[in-house]
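# A structural walkthrough
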Amino acid sequence: GCSTAARLARGVSARIVYRDPPEPSKPQAKQTAPAVRQFAIGQAVLRQLRSTTPVQGSPATAVRVSSECVLHLRSGDTIPCSQVSVDEQGVHFRTTLSDATFVPHDRVKVLELMPNAAPVQIVKSKKARLLTLPRMQRGSPPTHLIRALNGDYLRARLVALDDEQLQVEVRLETTSIPRAGVARVIWLHADETDPDAAKPETPERITGTRVQAIPLGGNRLTFFAEQLAGTVLSGQSDLLGACRVDTREIDELLIGDTIEQAAAVLAFHQWRLTPALDPLEFRDNGSAEDGTTEGLESALVGKPAPEIQLDLLDGKKFRLAQHKGKVLVLDFWASWCGPCLQAMPQIHKVAHEFADQQVELVAINLQETPDQIKTALERLQLSMPVALDHDGRVAERYGATAIPQTVIIDREGKVARLFVGGGARFDEQLREALKSVLSAQAEPSGLPP
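Let us look at the structure shown here.

Conventions used here
- Residues numbered from 1 in each chain as written.
- Predicted model: local features only at pLDDT ≥ 70, side-chain atom pairs only at ≥ 80, totals over all residues.
- Heavy atoms only, no water.
- Pairing = 2+ DSSP bridges.
- Helix = DSSP H or I, 4+ residues; strand = E, 2+ residues; numbered from the N terminus.
- Axes fitted to C-alpha atoms, helices over the stretch in contact; angles between N-to-C directions.
- Contact = heavy atoms within 4.5 Å.
- Disulfide = S-S within 2.5 Å.
- Buried < 20%, exposed > 50% of the residue type's maximum accessible area, 1.4 Å probe, protein only.

Moving on: the sheet that holds strand β23 (residues 327–333). Each strand in a sheet pairs with its neighbour through backbone hydrogen bonds, running either in the same direction (parallel) or in the opposite one (antiparallel). Sheet architecture is open: seven strands sit in the order β22-β21-β25-β24-β23-β27-β28, paired in mixed fashion. Both outer strands of the open sheet, β22 (317–319) and β28 (415–420), are each paired with one neighbouring strand and no more. The average undirected angle you get between the axes of adjacent strands in this sheet is 30 degrees. As defined by bridge partners, strand β27 (residues 405–409) adjoins β28 across five bridges and the pair is classed as antiparallel. The residue bridging Ile-409 from the neighbouring strand is Val-415, located in β28. In the packing of helix α5 (residues 338–353) onto the sheet, contacts are made with β23, β24 (359–366) and β27, and the angle to β23 comes to roughly 165 degrees. With respect to the sheet, helix α8 (residues 426–439) is in contact with β23, β24, β27 and β28, its orientation differing from that of β28 by roughly 170 degrees.

A few words on the state of the cysteines. In total, this model carries one disulfide according to the counting rule given. One disulfide in the model links Cys-337 with Cys-340; its S-S distance is 2.5 Å. Disulfide Cys-337 to Cys-340: torsion about the S-S bond roughly 80 degrees, handedness right-handed. Across the pair, Cys-340 and Cys-337 agree in class, each one buried. Cys-69 carries a free sulfur, and the closest cysteine sulfur to it, the one in Cys-81, is 5.5 Å from it.

Pasting the structure below:
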């Protein structure tokens, strides 16, 4: 018999399970051609990349670009496709599923250029770094993550893609990447990071009950159901046009808001930017001025100082490990932090007093641009090495949830003192702390008795 989709109550959310889906099988690792393996991603992408070398054999059998790609939409839909290209408007493609040939950027989540590429495990900490949005990039966040076949990732803006290459913009510079070395491109959307950002809208001309069918093969198809004839459910997709599925050939049918709930837990949909946590501006409660703190309260005191590898404002590099044997004063600060600007001249003055005892000062700026830093230093009339903690990771390792934070590291590379805040008499505290640390180097522990 034939009945309309009105049998599915509008506004309802539901999940109909026809059969438990099979356990997903792990993709088999494939031997990649030497040309494909040689692909550098990261900072090296700004350098000239080597052009790929043709694989031995006739042109017909040479390994170039897979003719079959998979397009993953934010709704959870998966579309096998070919003849894929990307421009400023969105993704162009061909698919046997429908006559549709285009999807705008705001509806796309992932484009798998090499769906059968060998999986590469990414450690949790590296993924967190890739998905952390520093304060200085919030005005122009990266819009894409590009994954190479060897597992390297590049944060960038995808400008265009054709059969041969990707055009990407990294830090306002445009460069080309051979398509043959790219496994997938992940879209990073503003509304995933900012709840107030505009979300893609579904055209009002589409009516019916919104459903998502999950066939036996695992692909997903979302459309507005209009008619149920026997076991065949048919309707319209605003992207793919006419759609129909046989309910005997699907594992599940999702209805209404359940579609978004299911999509949110899909593996690719976990890739979304998270703003880096900003340290709080320290509010002086008087403890720094009445001498009740000695900088020994932190759990880091007495332990090896967390490693630091940062660029310096002058273009050089700073590595903490290279300064063992010296006493370091680290000043975590930002130009928007009033107490930081009050403490910096005091810290600079005291560190300079002990310079002949191999005491060095390094100011670690949190997530600001070089211009902002230079303006602040000029206003304070200070000159000192400034390390650039672009994503706040070093501050996180040192527990700098409030700034200013001043850390003294002794000659053995251990944290000897950690002060949070400052105050009008902070120079006296810091001076006494440095005297104590320097005089205690003869002690076995390297810490004051």
